[in-house]
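Remarks on the overall topology
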Amino acid sequence: MKLVEKHRKFANEEEYFLYEEGSELKHELINGNLYEISGSSTYHNKLERHIANLIESLLKQNKFEVLIEGFKVKALHNNFFYPDVIVCTNSFNRYFTTEPVLLVEILSETTRRFDLTDKFIQYQKIPTLQYYLCVEPEQQVIIFYFKTESGEWMTETFTKDESIINLPALDISFMVKDVYKNIRLH
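Residues numbered from 1 in each chain as written. Predicted model: local features only at pLDDT ≥ 70, side-chain atom pairs only at ≥ 80, totals over all residues. Heavy atoms only, no water.

1. Brief notes about helix H2 (residues 42-58)
Since the α-helix packs 3.6 residues into each turn, any two residues three or four apart lie on the same face. For H2, spanning 17 residues, the distance from its first C-alpha to its last is 24 Å, which sits close to the expected 24 Å at 1.5 Å a residue. Turning to H2, its buried residues number three or more, namely Tyr43, His44, Leu47, Glu48, Ile51, Ala52, Leu54 and Ile55. With its buried residues spanning 165 degrees around the axis, H2 presents them on a single face. Counted as exposed and oriented over 90 degrees from the buried face of H2: Thr42 and Ser57. On the buried face of H2, the contacting elements are strand S4 (64-68), strand S7 (85-89), strand S9 (100-106), strand S10 (131-136), strand S14 (172-175) and helix H5 (176-180). (Helix = DSSP H or I, 4+ residues; strand = E, 2+ residues; numbered from the N terminus. Expected span 1.5 Å × (residues − 1). Buried < 20%, exposed > 50% of the residue type's maximum accessible area, 1.4 Å probe, protein only. Arc of directions from axis to C-beta. Contact = heavy atoms within 4.5 Å.)

2. As for the side chain of Gln140
With respect to the helices and strands, the residue Gln140 is situated in the loop between S10 and strand S11 (141-147). Polar contacts involving the side chain of Gln140 include one to the side chain of Asp161, which spans 2.8 Å. (Polar contact = N/O pair within 3.5 Å; in protein donor to acceptor, adjacent residues only side chain to side chain.)

3. Side note on the environment of Tyr145
Mapped onto the fold, Tyr145 is located in strand S11. Judged by its relative accessible area of 12%, Tyr145 is buried. Separated by 13 residues in sequence, Tyr145 and Tyr132 place their C-alpha atoms 5.0 Å apart. Not counting the four nearest positions on each side in its chain, Tyr145 is found in contact with Leu116, Phe120, Gln130, Tyr131, Tyr132, Cys134, Trp153, Met154 and Thr155.

4. Here we look at unusual backbone geometry
A positive phi angle, close to 60 degrees, is found at His77, a residue other than glycine. Along the chain, His77 turns up in the loop between strand S5 (72-75) and strand S6 (79-81).

5. Considering the packing of aromatic side chains
Describing an aromatic ring pair means giving the distance of the ring centres and the angle of the ring planes. Counted according to the given criterion, the structure contains 15 aromatic pairs. Pairing Tyr16 with Phe80 gives two aromatic rings, centres 5.2 Å apart and planes at 35 degrees, and the pair type is tilted. One end of the pair, Tyr16, is in helix H1 (residues 13-22); the other, Phe80, is in strand S6, with 64 residues separating them in the sequence. Comparing Tyr16 with Phe80 shows no difference in burial state: the two are buried. Relative to Phe144, the ring of Tyr131 lies with its centre 5.8 Å away and its plane at 20 degrees, an arrangement referred to as stacked. On the criterion of sequence distance, the pair formed by Tyr131 in strand S10 and Phe144 in strand S11 is long-range, its members being 13 residues apart. The buried category is assigned to Tyr131, whose relative accessible area is 5%. Residue Phe144 is classed as buried on the basis of its relative accessible area, which comes to 4%. An aromatic cluster of three or more residues is present, and its members are Phe81, Phe120, Tyr123, Tyr132, Tyr145 and Trp153. Looking at Lys26, its charged tip hangs above the ring of Tyr82, at a distance of 4.9 Å from the centre. (Phe/Tyr/Trp six-rings, centres within 6.5 Å; stacked < 30°, edge-to-face > 60°. Lys NZ or Arg CZ within 6 Å of the ring centre and 35° of its normal.)

Structure follows, in structure tokens:
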């Protein structure tokens, strides 16, 4: 991620959204700083779409919405992020949600460290968030963060085809091989 503008002041959220609509590039707003989000590869895009479709096909409850790419999550302190896939309650506005249950990031060389540390620290502060999946595109590895009943965050790493990822708050589960099915690893 590239810092574009330090301490950019927007009068309100709407001004930031209008800035984003008029921009050819997407920007995450973190602590008043604008960070440019790089474009994604064809493979990244296919994997993102595949994961969103997989989750959407498994969801039995229509109280959840699956959103991808250009939709934002608002964290504390007016920080806005663009996860690759969002599963949230049906309460969201035109530009963002404050109530994600699951966030998915497809890792890349340029975002891996940020996604696994700084972004995860921000995401943990979202009260409704239960799960954070970080998917490696170059190899079959899924890093699964989940919130326990006591509110503690735990992590588990999945690499085997038959490993099952359970998301009880969404009443779904799937195997690792389902995430990579029909998607060629580079």
